[in-house]
Amino acid sequence: MKDLLAFVHIEKAAGTTLVHILRRNFFGRYMDVRPLTRSADAAFTANDLRLSFRVNPFLGCIAGHSLKPDYDLDIIAPQIRYITLLRDPVDRYISQFRYWNRHLGKNQNFEQFFKHAPAWNVQTRKIDRNGNIEQAKKRLEENFFQVGLVEDFDEFLVLLKAKIASKHFDIRYQSHNTAGSDNTEREQLLQKYGDDIRRANSDDIALYNWVKNDLLPRQRLEYGDSLDADIMMAEADNKRLRPRKFKSYMDYAMRKLYIEPVSGLIRCAHGL
């Protein structure tokens, strides 16, 4: 079994932008995954991965919100390599509130949104299904190929490219699926609900700070002294990105005409 890169996509944490990078690099070998069979917590399991390989035997990379590292995917892919991005928990939480209203049409005020407990500590529970922060730290350190922060997105990409060790891995990008920036609204929400937001996401805040102050410094040290220069070079190179429309169209056609219909039929066959 070849190596399988698996992006644990946390909601409102630059995931869509990274997905576009992965699609471009793993063209024809990439798949957005979702549960194909019934499972606890609507998680993507080994059975789902087995079926996904039948849909696309050439898989080299998968990504999805249902992809979680504490399930049994290594049964099917022993060489699975998890990656993920964390985001400042307060900003991520506010961004999710905006996204629900502006893009999903939920039309909720903040008090209504705040009552939705599954939106609390999303990042910790994505890494450990029980929301155990110490287990989440251990899993990020021992089971993840690369971990990064949205606020240091370019650094994450440079570190990831070095880990993948391929000069052909293209880390240039255009931002996708952003909820927009409204600092006035953000400040108003923080002034009125800041303490509540931080309390509801206290585990995420602790996990984020650990990654920022402990795990990432060790990753940087491992990379070497050229990291800052390589990040600046990547940022300059990123400005020269010219999307390859034909390749994008082919990728879109493959997803819409084959992957999604076939996986949809499999889901229906399993009562989903």
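Scroll up to find the structure this text is about.
An account of the accompanying structure is given in this report.

Cut-offs and rules
- Residues numbered from 1 in each chain as written.
- Predicted model: local features only at pLDDT ≥ 70, side-chain atom pairs only at ≥ 80, totals over all residues.
- Heavy atoms only, no water.
- Core = buried A, V, L, I, M, F, W, Y, C linked by side-chain atoms within 4.5 Å.
- Buried < 20%, exposed > 50% of the residue type's maximum accessible area, 1.4 Å probe, protein only.
- Helix = DSSP H or I, 4+ residues; strand = E, 2+ residues; numbered from the N terminus.
- Contact = heavy atoms within 4.5 Å.
- Axes fitted to C-alpha atoms, helices over the stretch in contact; angles between N-to-C directions.
- Parallel < 35°, antiparallel > 145°, perpendicular 65-115°, else oblique.
- Left-handed = near helix turned anticlockwise from the far one by under 90°.
- Nonpolar A, V, L, I, M, F, W, Y, C, P; charged D, E, K, R; others polar.
- Patch = residues over 30% accessible without salt bridge, like charges linked within 9 Å, V, L, I, M, F, W, Y side chains within 5 Å.
- Areas by Shrake-Rupley, 256 points an atom, 1.4 Å probe, with all protein chains shown as cover.
- Salt bridge = Lys/Arg side-chain N within 4 Å of Asp/Glu carboxyl O.
- Phe/Tyr/Trp six-rings, centres within 6.5 Å; stacked < 30°, edge-to-face > 60°.
- Lys NZ or Arg CZ within 6 Å of the ring centre and 35° of its normal.

### Comments concerning the nonpolar core
The nonpolar side chains of a soluble globular protein tend to be buried, and buried together.
Then step 1. One finds Leu 18, Leu 22, Leu 49, Ile 62, Leu 140 and Val 211 to be the most contacted residues of the largest nonpolar core, which totals 66 residues.
Then step 2. Considering each element in turn, this core owes the most residues, seven residues, to helix 7 (residues 153-164).
Then step 3. When neighbours within four sequence positions are excluded, Val 211 is seen to be in contact with Leu 86, Leu 140, Val 147, Leu 149, Leu 216 and Pro 217.
Then step 4. Among the nonpolar cores identified, the runner-up in size contains twelve residues, and Val 90, Tyr 93, Phe 97 and Leu 189 belong to it.

### Observations regarding the packing of helix 3 (residues 89-102) against helix 8 (residues 183-200)
Then step 1. Helix 8 packs onto helix 3 with a crossing angle of 120° between their chain directions and a minimal axis gap of 11 Å. In terms of orientation, helix 3 and helix 8 fall into the oblique class. Helix 3 and helix 8 meet at a crossing whose hand is right-handed. On helix 8, the residues that touch Val 90, Asp 91, Tyr 93, Ile 94, Phe 97, Arg 98 and Arg 102 of helix 3 are Asn 183, Glu 185, Arg 186, Leu 189, Leu 190, Ile 197 and Arg 198.
Then step 2. Class assignment for the residues of the contact of helix 3 with helix 8 results in seven nonpolar, one polar and six charged.

### Quick look at a nonpolar patch on the surface
Then step 1. Judged by side-chain polarity, Phe 27, Phe 246 and Met 250 come together as a nonpolar surface patch covering roughly 320 Å² of accessible area.
Then step 2. Relative to the helices and strands, Phe 27 is located in the loop between helix 1 (15-25) and strand 2 (30-32).
Then step 3. Residue Phe 27 is classed as partly exposed on the basis of its relative accessible area of 34%.

### Comments concerning the packing of aromatic side chains
Then step 1. Applying the stated criterion across every chain, the model contains 13 aromatic pairs.
Then step 2. Ring centres 6.5 Å apart and planes at 85° place the aromatic pair Tyr 93 and Phe 114 in the edge-to-face group. With Tyr 93 in helix 3 and Phe 114 in helix 4 (residues 110-114), this residue pair connects regions lying 21 residues apart in the sequence.
Then step 3. Since its relative accessible area comes to 21%, Phe 114 is described here as partly exposed.
Then step 4. Between Trp 100 and Phe 113 the ring centres are 5.1 Å apart and the planes differ by 85°, which places this aromatic pair in the edge-to-face class. Here Phe 113 lies in helix 4 and Trp 100 lies in helix 3, a separation of 13 residues in the sequence. The two residues Trp 100 and Phe 113 agree in class, both being buried.
Then step 5. Feature note: the residues Tyr 93, Phe 97, Trp 100, Phe 110, Phe 113, Phe 114, Trp 120 and Tyr 193 constitute an aromatic cluster, connected by ring pairs.
Then step 6. A cation over a ring is seen here: Arg 81 above Phe 145, with NZ or CZ 4.5 Å from the ring centre.
Then step 7. Geometry around Phe 145 places Lys 163 over its ring, the cationic atom sitting 5.3 Å from the centre.

Keep in mind these values describe shape, not function.
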